[in-house]
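Analysis of the macromolecular model
Each chain, written out:
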Amino acid sequence: MDKIGLRTHYAKEIKPELDSEEVVVGGWLRSIREHGRLKFLVLEDKSGSIQITAKRGDVSDSVFENISSLGKEWVILVRGKVKKNSEAPKGVEIVPTGIDVLSETADTLPLDFKVKAELDTRLDWRVLDLRDPKNAAIFKVQSKLIEEMTDRLRMMGFIQVFTPCLIGAASEGGADVFSVAYFDKRAYLRQDPQLHRELLIAAGFDKIFDLGPSWRAEPSHTPRHLCEHRGCAVELSFIRDETDTIKIEEELVVSALQGVKKDCREELELLEKDIKIPRRPFPELRFPEVYDILEEMGKKNRLGEGLDREGERLLGKWVEEKYKHEFCFVNRFPFESKPFYVMRVDEEPQWARSVDLMFKGLELSSGGQREHRYDKIIKQAKEKNLALKNIEWFTKFFKYGVPPMGGFNLGIERLTQKLLDLENIREATPFPRAPERLLP
Ligand code: ATP
Ligand code: MG
């Protein structure tokens, strides 16, 4: 058989207007049906599907016979003539003149995405699972979210930076850091690119973002935690206070959602989702009023406590009822619940200029204004009982001129999960890392 050559079109590009043109398409064989003198194939690629129709007599005998030897999920290249046909699924089909088999499959498929399977089984066979256009659509939406946020950031004068994933000291202490062998020493996988972002601001970078992974060695099995996740982490300087970072974050989220609504129509249709563009400004709640709201909702908190899962859920509900809004910022967290590097309100040091963004009752980001005054950083580190020598690599730079700054780290998988109402965050990353899952 002669070789068919290069693909000329994606399935989606085959339109009735191309009638009689010769094309080459390539993809996975999703179905084969035979009705006597007629054989129908459905070929699918990343763009969608196209029907290939072979009628005995209209196509060569060898092509006609060859079709019966093909199997589901084989990868094939098809050359043929486009034919307008109002009875075909998209008013158009391809009449094949040649078919090349690029890859065959084993006899039985371990996962048929057309049959509903448990998430664990799906993840075991993730590659096959992601052939379901609905599951693939999640990642087209995710890619768009990132594209819009980073475009917007660049437009606002931010530059992208890469900060280290391997760090020499576990910055915030804690048991939930992964440690790795690093020659004859220990290194740790970062939990957040936070501290190095601050250092680049100290270097004068002014407005930066880091798009990258963080790791959490949390053995908890929740539908909102991964052991490896990604964040869009933003830092900017010469701010007046934390409300300047709130404005930037709001802008990013709104742009991201607008972009998805505009450019991901087909994906949203597949996923049966409608995107509501949130009204600006987003509601902003502050501690200690947050305690009153929670109490009104039936949850009593101790002074100094931050938000637990139940608290997040109740606040989300309250905001939805009161403001008809899916987003809200929570500001002025108790210093007790936040790390040493946050900035406190000078006059009310119990409260920090720490901000979380909530979406549908789930934390989407944490951030706020950072403390840039050396003396205060040291004082706060002492209050948190940190060994000063362990953080000296970071704190020492604050003696040499650092402007006021703030930022946030927004979880990409959480944003995707909540936007598309996915039950489990594992669906929002192609190959999730969870306590029980390190493969594939
Ligand atoms: P949570 O309290 O929900 O566990 P966190 O406060 O520990 O989150 P941060 O350190 O504030 O998380 O991280 C910034 C953002 O990164 C979070 O708001 C969230 O969107 C995302 N994130 C953090 N940890 C995880 C995780 N284990 N899996 C997925 N996303 C995460
Ligand atoms: Mg947080």
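Here the structure is shown first, and the text comes after it.
For clarity, every value in this text was computed on a predicted model and none was experimentally measured. (Residues numbered from 1 in each chain as written. Chains lettered and ligands numbered in written order. Predicted model: local features only at pLDDT ≥ 70, side-chain atom pairs only at ≥ 80, totals over all residues. Heavy atoms only, no water.)

**As for the overall build of the protein chain**
A tally of regular secondary structure across the protein chain gives 12 helices and 18 strands. Counting all 440 residues of the protein chain, 51% fall into the buried class. For the protein chain, long-range pairs separated by at least 24 residues make up 67% of all intrachain contacts whose partners lie at least 6 apart in sequence. When the accessible surface of the protein chain is totalled, it reaches about 21500 Å², and 52% of it is carbon and sulfur. (Helix = DSSP H or I, 4+ residues; strand = E, 2+ residues; numbered from the N terminus. Buried < 20%, exposed > 50% of the residue type's maximum accessible area, 1.4 Å probe, protein only. Contact = heavy atoms within 4.5 Å. Areas by Shrake-Rupley, 256 points an atom, 1.4 Å probe, with all protein chains shown as cover.)

**Some words on the sheet that holds strand E1 (residues 22-35)**
Taken in spatial order, the 5 strands line up as E1-E2-E3-E5-E4 and close into a barrel, and their pairing is mixed. With direction set aside, neighbouring strand axes in the sheet form an average angle of 50°. As paired elements, strand E2 (residues 38-45) and strand E3 (residues 48-55) share 8 bridges and run antiparallel to each other. Residue pairing for E3: Leu43 is matched across the bridge by Ile50. (Pairing = 2+ DSSP bridges. Axes fitted to C-alpha atoms, helices over the stretch in contact; angles between N-to-C directions.)

**Quick look at the packing of aromatic side chains**
Applying the stated criterion across every chain yields a total of 13 aromatic pairs. Seen from their ring centres, Phe287 and Tyr291 are 5.1 Å apart, and the 75° between their planes marks the pair as edge-to-face. Pair check on accessibility: Phe287 and Tyr291 agree, each one buried. Ring plane angle 45° and centroid distance 4.9 Å describe the contact between Phe287 and Phe333, whose orientation is recorded as tilted. Of this pair, Phe287 sits in the loop between strand E12 (284-286) and helix H8 (289-296) while Phe333 sits in the loop between strand E13 (327-331) and strand E14 (344-345), and the two are 46 residues apart along the sequence. In this pair, the class of Phe287 matches that of Phe333, namely buried. Each residue in the set Phe340, Tyr341, Trp393, Phe394 and Phe398 is aromatic and connected to the rest through ring pairs, giving one cluster. (Phe/Tyr/Trp six-rings, centres within 6.5 Å; stacked < 30°, edge-to-face > 60°.)

**Structural notes on the site of ligand 1**
The immediate surroundings of ligand 1 are formed by 14 residues, with Arg216, His225, Leu226, Glu363 and Leu364 found nearest. Between ligand 1 and Glu363 there is a distance of 2.6 Å, counted from an oxygen atom to a side-chain nitrogen or oxygen. In this structure, an oxygen atom belonging to ligand 1 sits 2.8 Å away from a main-chain N or O atom of Leu364. Protein contacts shield 84% of the accessible area of ligand 1, which totals 580 Å² for the unbound molecule. Put simply, the parts of the chain that give the shell around ligand 1 at least two residues each are strand E17 (362-370) and strand E18 (405-411). Among the elements that line the shell around ligand 1, the one with the most residues is E17, at 4 residues. Residue composition of the shell around ligand 1, grouped by class: 3 nonpolar, 6 polar and 5 charged. (Near = heavy atom within 4 Å. Polar contact = N/O pair within 3.5 Å; in protein donor to acceptor, adjacent residues only side chain to side chain. Nonpolar A, V, L, I, M, F, W, Y, C, P; charged D, E, K, R; others polar.)

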